[in-house]
Structure formats: C-alpha cells, structure tokens
Protein chains: 2
Amino acid sequence: MESSSGAFFEQGKQSIKIPVPVYIRASASVAGTKEGQGPFADLFDVVGVDDKFGCDTWEEAESTLQKEALQLAIGKAGLKNEDIRFLFAGDLLGQSIASSFGLASFQIPLLGMYGACSTCGLSLSAATIMIAGGMAQYAACVTSSHFASAEKEFRFPLGYGSQRPLSATWTVTGSGAFVVSSEKGSKDRAMITGITIGKIMDFGLKDSMNMGACMAPAACSTIYQHLVDFGRTPSDYDKIITGDLGKVGQKVLLDMMREKGMDIEKQHMDCGIEIYDESQDAHAGGSGCGCSAITLSAYILKQLEEGKWKRVLFVPTGALLSKTSFNEGQSIPGIAHGVELVSCK
Amino acid sequence: MESSSGAFFEQGKQSIKIPVPVYIRASASVAGTKEGQGPFADLFDVVGVDDKFGCDTWEEAESTLQKEALQLAIGKAGLKNEDIRFLFAGDLLGQSIASSFGLASFQIPLLGMYGACSTCGLSLSAATIMIAGGMAQYAACVTSSHFASAEKEFRFPLGYGSQRPLSATWTVTGSGAFVVSSEKGSKDRAMITGITIGKIMDFGLKDSMNMGACMAPAACSTIYQHLVDFGRTPSDYDKIITGDLGKVGQKVLLDMMREKGMDIEKQHMDCGIEIYDESQDAHAGGSGCGCSAITLSAYILKQLEEGKWKRVLFVPTGALLSKTSFNEGQSIPGIAHGVELVSCK
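Reading the values: the criteria
- Residues numbered from 1 in each chain as written.
- Chains lettered and ligands numbered in written order.
- Predicted model: local features only at pLDDT ≥ 70, side-chain atom pairs only at ≥ 80, totals over all residues.
- Heavy atoms only, no water.
- Helix = DSSP H or I, 4+ residues; strand = E, 2+ residues; numbered from the N terminus.
- Rg over C-alpha atoms; globule rule 2.2 N^0.38 Å.
- Buried < 20%, exposed > 50% of the residue type's maximum accessible area, 1.4 Å probe, protein only.
- Contact = heavy atoms within 4.5 Å.
- Areas by Shrake-Rupley, 256 points an atom, 1.4 Å probe, with all protein chains shown as cover.
- Lys, Arg positive; Asp, Glu negative; His and termini not counted.
- Charge placed at Lys NZ, Arg CZ, Asp CG, Glu CD.
- Buried area = accessible area lost by both parts, 1.4 Å probe.
- Salt bridge = Lys/Arg side-chain N within 4 Å of Asp/Glu carboxyl O.
- Polar contact = N/O pair within 3.5 Å; in protein donor to acceptor, adjacent residues only side chain to side chain.
- Least-squares fit on C-alpha atoms with pLDDT ≥ 70 in both.
- Axes fitted to C-alpha atoms, helices over the stretch in contact; angles between N-to-C directions.
- Parallel < 35°, antiparallel > 145°, perpendicular 65-115°, else oblique.
- Left-handed = near helix turned anticlockwise from the far one by under 90°.
- Nonpolar A, V, L, I, M, F, W, Y, C, P; charged D, E, K, R; others polar.
- Phe/Tyr/Trp six-rings, centres within 6.5 Å; stacked < 30°, edge-to-face > 60°.
- Lys NZ or Arg CZ within 6 Å of the ring centre and 35° of its normal.
- Pairing = 2+ DSSP bridges.
- Disulfide = S-S within 2.5 Å.
- Core = buried A, V, L, I, M, F, W, Y, C linked by side-chain atoms within 4.5 Å.

Caption draft 1: Highlighting the overall build of chain A. The helix and strand inventory of chain A stands at 10 helices and 15 strands. Scaling as 2.2 N^0.38, a compact globule of 345 residues should have a C-alpha radius of gyration of about 20 Å, and chain A matches this with 18 Å. Counting only residues that meet the buried cut, chain A has 69% of its 345 residues in that class. Partitioning the contacts of chain A with sequence separation of at least 6, the portion at a separation of at least 24 is 78%. With an accessible surface of roughly 10,800 Å², chain A has 51% of that area assigned to carbon and sulfur atoms. Here chain A carries 30 positive and 38 negative side-chain charges, and the mean point of each set is 5 Å from the other.

Caption draft 2: Focus on the interface of chain A and chain B. Taken together, the contact between chain A and chain B spans 69 residues of the former and 67 residues of the latter. Across the chain A to chain B interface the summed buried area is about 5,600 Å²; carbon plus sulfur atoms make up 65%. Of all residues in chain A, A:Lys13, A:Arg85 and A:Gln95 give up the largest surface area on contact with chain B, accounting jointly for 14% of the area buried on that side. Joining chain A to chain B, the criterion identifies 2 salt bridges. B:Lys152 is paired through a salt bridge with A:Glu328; the nearest N and O atoms lie 2.8 Å apart. Joining chain A to chain B, the criterion identifies 23 residue pairs in polar contact (both at pLDDT 80 or more). Listing elements by their share of the side of chain A that touches chain B, those giving two or more residues are helix H1 (2-9), strand E1 (15-31), helix H2 (58-76), helix H3 (97-103), strand E4 (110-112), helix H4 (119-132), helix H5 (147-154) and helix H10 (323-327) of chain A.

Caption draft 3: Representation of the relation of the copies chain A and chain B in the model. With an axial shift of 0.0 Å and an RMSD of 0.0 Å, the rotation relating chain A to chain B amounts to 180°. Overall, the copies show the geometry of a two-fold rotation axis. Here 96% of the interface residues in chain A have copies in chain B that are interface residues too; the copies meet face to matching face.

Caption draft 4: View of the packing of helix H6 (residues 211-230) of chain A against helix H7 (residues 246-259) of chain A. Residues and elements named next belong to chain A. One can describe the packing of H6 onto H7 by two numbers: an axis separation of 8 Å at closest approach and a directional angle of 40°. The angle between H6 and H7 places the two elements in the oblique class. Crossing handedness for the pair H6 and H7: right-handed. Contact residues: H6 offers Gly212, Ala213, Ala216, Pro217, Ala219, Cys220, Ile223, Tyr224 and Leu227, while H7 offers Gly249, Val252, Leu253, Met256 and Met257. Residues that form the contact of H6 with H7 fall into these classes: 12 nonpolar, 2 polar and no charged.

Caption draft 5: Structural detail: the side chain of A:Asp229. Note that A:Asp229 resides in helix H6. In terms of polar contacts, A:Asp229 uses its side chain to reach the side chain of A:Gln225, at 2.7 Å.

Caption draft 6: Focus on the pattern of salt bridges. Residues and elements named next belong to chain A. Tallied over the full model, the rule gives 30 salt bridges over all chains. The residue arginine 25 makes a salt bridge to aspartate 188 at a minimum N-O spacing of 2.6 Å. Taken together, the residues span a long stretch of sequence, with arginine 25 in strand E1 and aspartate 188 in the loop between strand E7 (174-181) and strand E8 (190-196) at a distance of 163 residues. Aspartate 188 shares its class with arginine 25; the two are buried. In this structure, aspartate 45 engages lysine 76 in a salt bridge whose closest nitrogen and oxygen atoms are separated by 2.7 Å. Placement of aspartate 45 in the loop between E1 and strand E2 (46-47) and of lysine 76 in helix H2 is noted, with a sequence separation of 31 residues between them.

Caption draft 7: A look at unusual backbone geometry. Residue and element names in this part refer to chain A. In the Ramachandran plot, serine 96 falls in the positive-phi region, its phi being about 45° despite a non-glycine side chain. One can find serine 96 in the loop between strand E3 (86-91) and H3. When its relative accessible area of 6% is taken as the criterion, serine 96 is described as buried. Although it is not a glycine, aspartate 281 adopts a positive phi angle of roughly 55°. Within the element layout of this structure, aspartate 281 appears in the loop between helix H8 (271-274) and strand E11 (286-287). Its relative accessible area of 52% is what places aspartate 281 among the exposed residues.

Caption draft 8: Representation of the environment of B:Gly78 in the model. As for its placement among the helices and strands, B:Gly78 is situated in the loop between helix H2 (58-76) and strand E3 (86-91). Distance in space between the C-alpha atoms of B:Gly78 and B:Gly133 is 24 Å, their sequence separation being 55 residues.

Caption draft 9: Quick look at the packing of aromatic side chains. Residue and element names in this part refer to chain A. Considering all chains together, one arrives at 8 aromatic pairs over all chains under this definition. Considering the side-chain rings of phenylalanine 147 and tryptophan 170, the 3.9 Å spacing of their centres and the 0° angle between planes classify their relative orientation as stacked. Here tryptophan 170 lies in strand E6 (residues 170-171) and phenylalanine 147 lies in helix H5, a separation of 23 residues in the sequence. Per residue, the accessibility class of phenylalanine 147 equals that of tryptophan 170, and both read buried. Connected via pairs of aromatic rings, a cluster forms that spans Phe40, Tyr299 and Trp309. Taking NZ or CZ as reference, lysine 34 lies 4.1 Å from the ring centre of tryptophan 170, over its face.

Caption draft 10: Examining the pairing of strand E9 (residues 239-242) of chain B more closely. All names here are of chain B. Here E9 runs beside strand E12 (residues 311-315); their pairing, made up of 4 bridges, is parallel. Counterpart to threonine 242 in the pairing with E12 is valine 315. Taken together, the 3 bridges between E9 and strand E10 (residues 268-270) define a ladder with parallel strand orientation. For isoleucine 240, the partnering residue across the bridge sits in E10 and is histidine 268.

Caption draft 11: Quick peek at the state of the cysteines. Scanning all chains against the criterion turns up 0 disulfides over all chains. Free cysteine A:Cys271: the closest other cysteine sulfur is in A:Cys291, separated by 5.5 Å. Note on A:Cys271: relative accessible area 0%, which makes it buried. Cysteine B:Cys120 is unpaired, with the sulfur of B:Cys141 as its nearest cysteine sulfur at 7.5 Å.

Caption draft 12: Main features of the pairing of E3(A). Residue and element names in this part refer to chain A. Extensive coverage of E3 is indicated by the burial of 6 of its 6 residues. Here E3 shows two buried faces, one formed by Phe86, Phe88 and Gly90 and the other by Leu87, Ala89 and Asp91. Pairing analysis gives 3 bridges linking E3 to E4, with the strands arranged parallel. The residue of E4 that forms the bridge with leucine 87 is leucine 110.

Caption draft 13: The arrangement of the nonpolar core in detail. Among the nonpolar cores identified, the biggest contains 122 residues, and A:Ile223, A:Leu253, B:Ile223 and B:Leu253 are the most heavily contacted of them. With 104 residues, the next largest nonpolar core counts A:Met130, A:Ala132, B:Cys141 and B:Phe178 among its residues.

Okay, structure coming up:
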C-alpha cells in the first residue's frame, strides 16, 4: 500500500497519476436526430430516427439512450453484463432518473455520480480509481442528456417556444458508454494514465442562458492544475478538450489561461463547438452530459485509436445549476474533471 | 496489481474486502429542531435553534448544514481543509444543490455522488475504494437532507398543509460528515473493513408516501449479498442497520430476508425508526440522506468507539424517486449500499 500510494501521491494534490494504465476496452455512442445531422453523423454507433426513441416521455427516451449505449459498449468489448463488476453512471435530470430507469435492468452494482455535464469525466475518473486500486477487472461508465428533458428540467417546456439568446447552448441528445479494464487488450481504444478531480468554481455568474461563461473558470482551474501537477506544458498534448463551453465559454477559458501564463489556443478543442455545424443554428454550441460523452466515443477515441493523436487532456465541464437554485437567485457554480488519455499505438 | 486485485476479488462480485482497513478518524453531526427533541438529542454535535439556520431559503439552510458538519469533522480530526485530498458528497435535491452551494468554499476536489438516501453509504464506499487503493491519506464524506427542502422537492410545499398517511416517513433535517484515513490513529471512531455496492431493485411500487416498502427489496438484496460474499451469518454482526426503511419497510425487509432463509430480526436496527420517538408523530419514521448520516455519527460510531458493538453492517437505503418520474407514473426503484464497520477496541 505504501509504495503504491507513494506513486499515486507524487503528482500533487489535485491529480492522481495512474502508474499502471487503465484501458478503455470499448465504447459506444447513441445520438439524437440533430446530432445525426452534424459533423460526427457517420461516427455514431446509433442515430435515432425520432428523439422519443419509441417512448412516451422525454425522460424514458433518455433512459433508453443509456440502456442502448451501455448494452452496445459491453457487446463491443466482447463481454456479458455479469462481467462488468461495477457501473458508474449519472445524468443531468433531477435525482438522475435517466440512469435509475435506464440501468436497473442490467443488475450491475451501481455507484451513482453527479457532476452535471462533467459526469463523463467524473465517472471515468471514479472507475479509474477503482481499477487502478485493483478492485475490478472491468467497470463501465455511462452518461446521457436529452434536449427535451433538459429544457423541461432547467428552462421551459418546449411547447412554450421560448426564444434563446445567442449565448445559449443546445443540450445534446445522446448517451456515451465506456468499458474500462485493468488488463491490456489488443483492441483497446486508448488508455487512461492520469486524472485531475475538479473543485467547485463560482465566479457569481447567474445567466443560465450563458453556461459557457459559468463553467470556464472551472475548466481553467482543472486544466491549469493538471499541467502543474504533472509538470507539463500545453504543447505536451495534441489536444486539450473541454466538454461544452461553447463559443462564449471558449473565449473566456483562453483568456483566463493566458492570464495564468499558459496559451492553450493551439491545443484547445470544445466538444460543444464541434458537435454541430453553423447551419444547425445551435447558437453557442452543444452542451449536456451527452455532448462530451458521445464526442469522446465517436470522435476523440477514434483519433487516439488511429494514433493521429498521442496524448489528450479530456475535460468535461459541468454547470452546477438547478431550477430551484436559479429561481432563488443563486449563482451557477461550475466544476470540471480532467482525464489524461494516451494512444495505445 | 495482480496480487492486490486478488485480495480484493476474493470476496465475490458485489462486495470488496478491504485488506488494510480504512479508518474513520472523526465525524460530525448537525441536526434540526425536531431531531434535537428526539432520542439522540444529546449526542448531536450541533442542534439548530431554527430550521432555516439563519438562511433565507430551505435549500440554503441545507447547504449550511453540510458546511457546518464538514468543518466540524475536519476540525475534530485535527486537520486543515487542505489536508483533505478529496471530498465525496451528495444530497437529495435536484442536481445536488445542497452540496454544490454548501461545499464550494472548501475548495477541496469534489467527487459528486448520487444515491438518494443511500448517499452516506455510497460516499463512504467510494472514499474507501480511493483510500484502500492508496490514492489519498485523508478523504471526507458529507451528505444531508432537510425536511422542508425535501417536501418542496418531492411532494408539496409545506404551506399546503397536506395530510400525510401513516406509512409516510419524515425527512430528517441534518447533515453528517466523516473524515476517513489510510493510517491508524489513536482516536479513530471505527474502521471500514468491507463494502457492498448495491444494485437498483425495482418491484414496481409507486407510492411516494410509502418509501420504506419501495426500498426494502434493495436493502434485502445488499444485506443478503454481503453475507454471502463474506461467508457470514447475521449473528456475526452486533447490528445490521438500515438507513430509513421505517416501520413499514422494516416489516417487509424482515419477511424478505426470512424468505431467503436468513432471520435478521435480532440484529436489525433502522435509523429512521430510532431517530424519533413515538410522541414526535413522525409516522413510519425518519428518512433522508441525513437520517442515516447523523445516526451513524452521533449514535452508531459511539457504540463502536466504546466497544459496545464489535462489528456492524451499515446499509443506508435510497429511493430513486423524482417528482418528474413520479408524476409520469413511474415506479420508485431503490438502492442500498453496505459498509462493514468494525470497532478499533
């Protein structure tokens, strides 16, 4: 225990270096219709023909996204449900109901996570901690978001047809699932070699139609601390990828990093900016737990798999917003969790 | 990795045996007025004089509970905030806002958890996984619930004065915080020697005024699997303690365990039944994340500390309910996470 904890400790307080890598054995992405018309259309495993996915409610549809994504990922890994020792999952809805109702049938022991749109990074980090600690051979992570269930949960029912400002992001309809393993396989998509757990950052912003700006300080804090903890510079990464800052949040992040003496403009990519193209009128970009999750599965892991990128810092960003706190005039704090992904090539 | 994972694996699929114990260095409980009039009144560290705890809203009051409980626990451990490497926290409210707003000021890297009222067991389990894996010397866990914020979130605003059936439980106003350590101390309250992560159990019940019955199958599943995984019988434990089944749920649990050939009536205790006395008119008992958390800190750990109990199975129970899924006619699934606590005496 001592020696291993020594190894784990050496990279400083907020990050954990993973001495024996954790491998992403397989992953899957299930996307909605709008995402299926975007730049990554051909890369998703499944694109729904209608966003209700055959269900009666938006929430059931989101549960179905998670169920399909996880089943696909487990199948691609060549495993059975019972081979997955533990499941790490969560979503954006109140009391994480998309996960509760989507994952019950798997009967896999579940560690429920909440990190808003940073959940993909949080669940991959928690699974990595468990596997690096030698407590499981296989674990799975799944998260999701759905445009319609999110608008209903956080803003207005779609039927109201409310206007959206240009700073608003469009919640991605989609779910990404990942099977991680303690043992190297021949077809691993990438390996996880370090994680950086984020702190809650609250700069007092209150605009739920400009969540990019609310989350940027958290992204900056986690990216900066990751680079400091591991003693690296931005150029040590092919990409530094945030989850759903969008165009407004990206500007704020790049400025804040420059103020800290680090320019990441060359490396920075934001899943929310990439997932839709201009013609789709998504305003500032995509958001939601599903945004970074399906982009990781469909696009980012593909680049690592093919060796086009060698090392990536993946930093899903979460806005810790609820309609209750918003209506009570509270600010919107942010949190971001960083996962270092390295190509197996 | 192999040998350690061997050690971790030997106790079966759903449980993890902790070969080198994780120590509960210190804990704290902050309780509301009703809890301060109950059987554990003299055992709580702080009892509020009014349930708004000096705040403008019930949600802010719940955040204050968490802030006070965590600060107290860190102080009792003789540590500073920066000594706590990672924080594991969550609550019952939509998007866990009691934690987000209560814990931001600590600036400790946060892993957000969601397990409804099982969060105390979930967060202690997740912290144990991290510490047993050698990734932190100190971690802290905190959770909370508040009667008024919970009624508003799940049922009706208090102002409506709605009637409660006798099967209903009363959400506990309180927060419990725990500091866990990889190293043995002279004043440790107890040690964690095993955990059992629960599965979602859904028997199709839909009555949010009878959550004990909704959660009992999950408690049964986790307790049964824990005993099987560790090859023990109920008599190997001084107590088998559920979180908030209340009187109705307790009956269901005891019957279900008997059907599985295990009688735990002699060992069983439910925090929800113990936290209020008959005269307090709490109907079936107490509930909420805070119920098991403050009972663990104030009462259960005291018994272990004094050596009155040698080994306890602590099983907080969660009802995976949201008002959205409830209003859409969904059932109320349950989940329960088990933590094996052993006296250091």
